[in-house]
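Fold and contact review
Single-letter residue listing:
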Amino acid sequence: MARTSRDAIAEIKAKLSMVDLARRYLELRPMGNRLVAPCPFHNEKTPSFTCSSEKGLYYCFGCQAAGDIFDFYGRMNGMDFRESLEALAEETGVELPRFQKADGFAPKQVSHKQEMMKMHEIAAHHFRKNLQQSEIAGKYVAERQIAEEVLERFGIGFSTDSWQALADIFKRSGFNLDVAVECGLLLKSKNGRYYDRFRNRLMFPIRDVNGRTIAFGGRVIPALDDGESAKYLNTNGTPIYKKSQQLFGLDLARRSVTAQKSIMITEGYMDVLTLYQFGYTNAVACLGTSFPEEQVKRITELSKNVELLFDGDNPGREAAFKACGKLLVKGISCRVVLFPPSDDIDSLLKEKGKEVFENLRANSTEGLSFCIQTLKKRSPKDAVEWSREFLGQIEMPELFQPMATKLALGLGIDEAELRLGVVEQKKAQNTRINAQSGESAKPAVPKKKTADAEILTVATRYPHRLQTLQEMGADLILESPKAKVYWDKLLQYGEDEILPFLDESEKAFWVKCRSADAPPRNNEEGELLAIYHLIQAKQKKSYVQSMVAAVRESGEDAQKAYLRALYAQGRNN
Ligand SMILES: [Zn+2]
């Protein structure tokens, strides 16, 4: 067991590398001697996010986001440091010391979100056991021909008709039941009774990319359907679950997506299960039909090749059309597979077999062609308007030309006119943006490095030489209050534990000084010597200034004597 939080942090870092963690979310590519990806924390076209396992750090050249695994995990999952530490400790099997008030980390015992995660884990286990024991639910999954292995992998369960089963478990385990209500597992009646939210349903755990259950989808089992319940009941937004950020099945599909460099996107939980059962392990389901920007971003971070598998009915076509538009402007190539009206993925694969499915895939439609097909059924005016807006959003200039040509040809409109429309639209947009911001963007002026920055750079690069720097008087010539605060933190915390205590700009500075891109740390003495000279120069300057001030206040004879001394001092140096 780790003795202190510091030991635990080191132990977790030894077990989970920065690169492995980042790979869960991003498609990292080698560029020179670095691994890069488009930054998940700001919108960009060229990748400026970089990370290194050796240093255990990440850094974005675009938005200066920076930190270690805890910081990255926290940002990706909306957790604070304490919560990330708890989550990664649990994942890597590192035990955290119980009382850590003294070593500076948040003294909360278990965070709110951690409690919600724990309750979801318990609920998933409870539902899973129910399914193994229930005759009716067992019969249903047998009829749907869901393989035992798939049920196990996805943790599929069953909620019985009991109003109290889960509520009782939480009560017995000493959980705060209001927290269970807040995270959507229980409901509270007007007279204050807590009861189970999910009943008589096949339960699909919705897990984050790290495999932790954060929500549930519940499907009514036909034999238990009272005719009044919705077919699906899902967890709504909670502190640990934001629907727009999650993709069902991503925790299991992630590796295949990276290996195959492509991702399948479907509409429902069952589709993902069926695909998995038939060996298509790179499938995920969007949780809803709107395909929000956050999901699009997550997908673009994982793969540049998307296959959309949607129902062939009108809502399915419309959803596919919207998804194509959103993906294509980001430079993602996508293909659309629509199922015949009488079939879905489940019935097709289970009743007609893999060959028919493969046939459909082979005849899939390229994304932009699919958009053109759809647009041709609309009025010419609508089609042109859509095209202009679409072209105006394209993020990569090299894609603009071929797409404009294809759209113009496909829709039978004049390409020059279409392009002109886009230019005019953009101009209007820019005028609006400029009018709103009140000024046009100024080019960034490179800042000259201040003495503060030079001292802190060396102090950050060589923390074991802080004492030497202090003896030189480095801390005494720091000018800005912010620099002094940062210096004190360097003194207080070791290099392995400092990150959680730094604010965003400090963290960016720290990581920049120590990232894989910083100059190699092979000239320690030389860098220290440079700081020594800097300090000397600064001290001399202030010495001369105070001399001059003193001379001004004194009599004429004294002034002459001082000036002579000053002159001599200058010659000797
Ligand atoms: Zn960034």
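A short tour of the structure in this document, coming up. (Residues numbered from 1 in each chain as written. Predicted model: local features only at pLDDT ≥ 70, side-chain atom pairs only at ≥ 80, totals over all residues. Heavy atoms only, no water.)

Around the zinc ion, the donor atoms from the protein are C39 (SG), H42 (ND1), C60 (SG) and C63 (SG), and they sit 2.1 to 2.3 Å away. For the zinc ion, the four donor atoms in the first shell make angles of 103 to 119° at the metal, so the coordination geometry reads as tetrahedral. All donors to the zinc ion come from one chain, and their sequence spacing reads C-x2-H-x17-C-x2-C. (Donors = N, O, S within 2.8 Å, 3.2 Å for Na, K, Ca; no water. Tetrahedral: all angles 85-135°; square planar, octahedral: opposite > 155°, others 65-115°.)

So, about the nonpolar core. Counting residues in hydrophobic clusters, the biggest one holds 123 residues, and the most contacted among them are F72, F170, F248, F390 and L407. In contact with F248, other than residues within four places in its own chain, are F154, F204, P205, I206, Y269, V272, L273, A283, V284, A285 and L287. Listed in part, the 31 residues of the second largest apolar core include Y59, A451, A508 and I531. (Core = buried A, V, L, I, M, F, W, Y, C linked by side-chain atoms within 4.5 Å. Buried < 20%, exposed > 50% of the residue type's maximum accessible area, 1.4 Å probe, protein only. Contact = heavy atoms within 4.5 Å.)

A sheet is described by the order of its strands in space; here six strands give the open sequence β12-β14-β13-β15-β16-β17, paired in mixed fashion. Of all strands in the sheet, those bounded by a partner on one side alone are β12 (247-248) and β17 (365-366). Taken together, the seven bridges between strand β15 (residues 305-311) and strand β16 (residues 333-339) define a ladder with parallel strand orientation. For N305, the partnering residue across the bridge sits in β16 and is S333. (Pairing = 2+ DSSP bridges. Helix = DSSP H or I, 4+ residues; strand = E, 2+ residues; numbered from the N terminus.)

With that settled, the discussion passes to empty space enclosed by the protein. Taken as a whole and assessed by the stated rule, the structure comprises three cavities of 30 Å³ or more. Taken as a whole, the largest cavity spans an internal volume of roughly 60 Å³. As for the largest cavity, its lining consists of T50, C51, S52, K55, L57, Y58, Y59, S515, A516 and D517. Secondary structure elements with two or more residues in the lining of the largest cavity: β3 (49-52) and β4 (57-60). Here the lining of the largest cavity is composed, by residue class, of five nonpolar, three polar and two charged. (1 Å grid on protein atoms, 1.4 Å probe; cavity = no way out; pocket = protein on both sides within 12 Å on 5 of 7 lines; lining within 4 Å. Points joined across faces, edges and corners; volume = space filled by probe spheres on them. Nonpolar A, V, L, I, M, F, W, Y, C, P; charged D, E, K, R; others polar.)

This part takes up the packing of helix α22 (residues 481-492) against helix α23 (residues 504-514). The geometry of α22 relative to α23 is characterised by a closest axis approach of 12 Å and an angle of 65° between their N-to-C directions. The element α22 and its partner α23 pack so that their crossing is right-handed. Residue-level contacts link K482, V485, Y486, K489 and L490 of α22 to S505, E506, F509 and W510 of α23. (Axes fitted to C-alpha atoms, helices over the stretch in contact; angles between N-to-C directions. Left-handed = near helix turned anticlockwise from the far one by under 90°.)

For the rest of this paragraph, the subject is unusual backbone geometry. Even without being a glycine, Q64 presents a positive backbone phi close to 65°. As for its position among the elements, Q64 is in the loop between β4 and β5 (66-67). A residue is classified by how much of its surface remains accessible, and Q64, at 36% relative accessible area, is partly exposed.

Another point: the pattern of salt bridges. Any two side chains of opposite charge can pair, given that their charged atoms come close. For the coordinates displayed, the defined rule picks out 33 salt bridges. For D71, the salt bridge goes to R75, with nearest N and O atoms at 3.0 Å. Of the two residues, D71 and R75 both sit in helix α3 (residues 69-77), four residues apart, roughly one turn of that helix. On the basis of relative accessible area, D71 is assigned to the buried category, the value being 13%. Residue classification places R75 among the partly exposed positions, given a relative accessible area of 30%. Here R378 ties to E318 by a salt bridge, and the two come within 3.3 Å at their closest N and O atoms. In this pair, R378 sits in the loop between α16 (367-376) and α17 (380-393) while E318 sits in helix α13 (residues 314-328), placing the two residues 60 residues apart along the sequence. (Salt bridge = Lys/Arg side-chain N within 4 Å of Asp/Glu carboxyl O.)

Our next topic: the packing of aromatic side chains. The final tally for this structure, using the stated rule, is 25 aromatic pairs. For the ring pair Y25 and F72, a centre distance of 5.6 Å and an interplane angle of 75° mean the geometry is edge-to-face. Placement of Y25 in the loop between α2 (18-23) and β1 (29-31) and of F72 in helix α3 is noted, with a sequence separation of 47 residues between them. You'll find Y25 and F72 in the same group, each marked buried. A centroid spacing of 4.9 Å and a plane angle of 25° characterise the contact between F204 and Y269, whose relative ring orientation is stacked. Taken as a pair, F204 in strand β9 (residues 201-207) and Y269 in helix α11 (residues 269-277) lie far apart in primary sequence, 65 residues in all. Judged by relative accessible area, F204 falls into the buried class, the value being 0%. On the basis of relative accessibility, which here comes to 8%, the residue Y269 falls in the buried class. Among the aromatic residues, those joined into a ring-pair cluster are F154, F204, Y232, F248, Y269 and Y276. (Phe/Tyr/Trp six-rings, centres within 6.5 Å; stacked < 30°, edge-to-face > 60°.)

What follows is about the packing of α13 against α16. Their axes nearest at 9 Å, the elements α13 and α16 cross at an angle of 130°. Considered as vectors, α13 and α16 are oriented oblique to each other. Between α13 and α16 lies a crossing of left-handed hand. Across from R317, A320, F321, C324, G325 and L328 in α13, the residues of α16 making contact are G367, L368, F370, C371, T374 and L375. Here the contact of α13 with α16 is composed, by residue class, of eight nonpolar, three polar and one charged. (Parallel < 35°, antiparallel > 145°, perpendicular 65-115°, else oblique.)

Looking now at α13. Between its first and last C-alpha, α13 extends 21 Å over 15 residues, near the 21 Å set by a 1.5 Å rise per residue. Of all the residues in α13, the buried ones are G316, A319, A320, F321, A323, C324, G325, L327 and L328. Structurally, the start of α13 carries an N-cap: the backbone nitrogen of G316 is 3.0 Å from a side-chain oxygen of D313. (Expected span 1.5 Å × (residues − 1). Polar contact = N/O pair within 3.5 Å; in protein donor to acceptor, adjacent residues only side chain to side chain.)

Of all eight residues making up strand β10 (residues 213-220), eight are buried, and the element is well covered by its neighbours. Note that β9 and β10 share seven bridges and pair antiparallel. Looking across to β10, one finds that P205 is bridged to F216. Hairpin connection between β9 and β10: a loop of five residues separates the two successive antiparallel strands, and G211 in this loop has a positive phi of roughly 85°. Pairing geometry for β10 and strand β11 (residues 232-234), over three bridges, is antiparallel. By the bridge assignment for β11, G217 is matched with N234.

For R298, the position within the fold is in helix α12 (residues 293-302). Despite its burial, R298 remains without a salt bridge, the nearest opposite charge being carried by E301 at 4.9 Å. When residues no more than four places from it in sequence are discounted, the contact partners of R298 are Y25, M76, Q245, Q246, L247 and L250. (Lys, Arg positive; Asp, Glu negative; His and termini not counted.)

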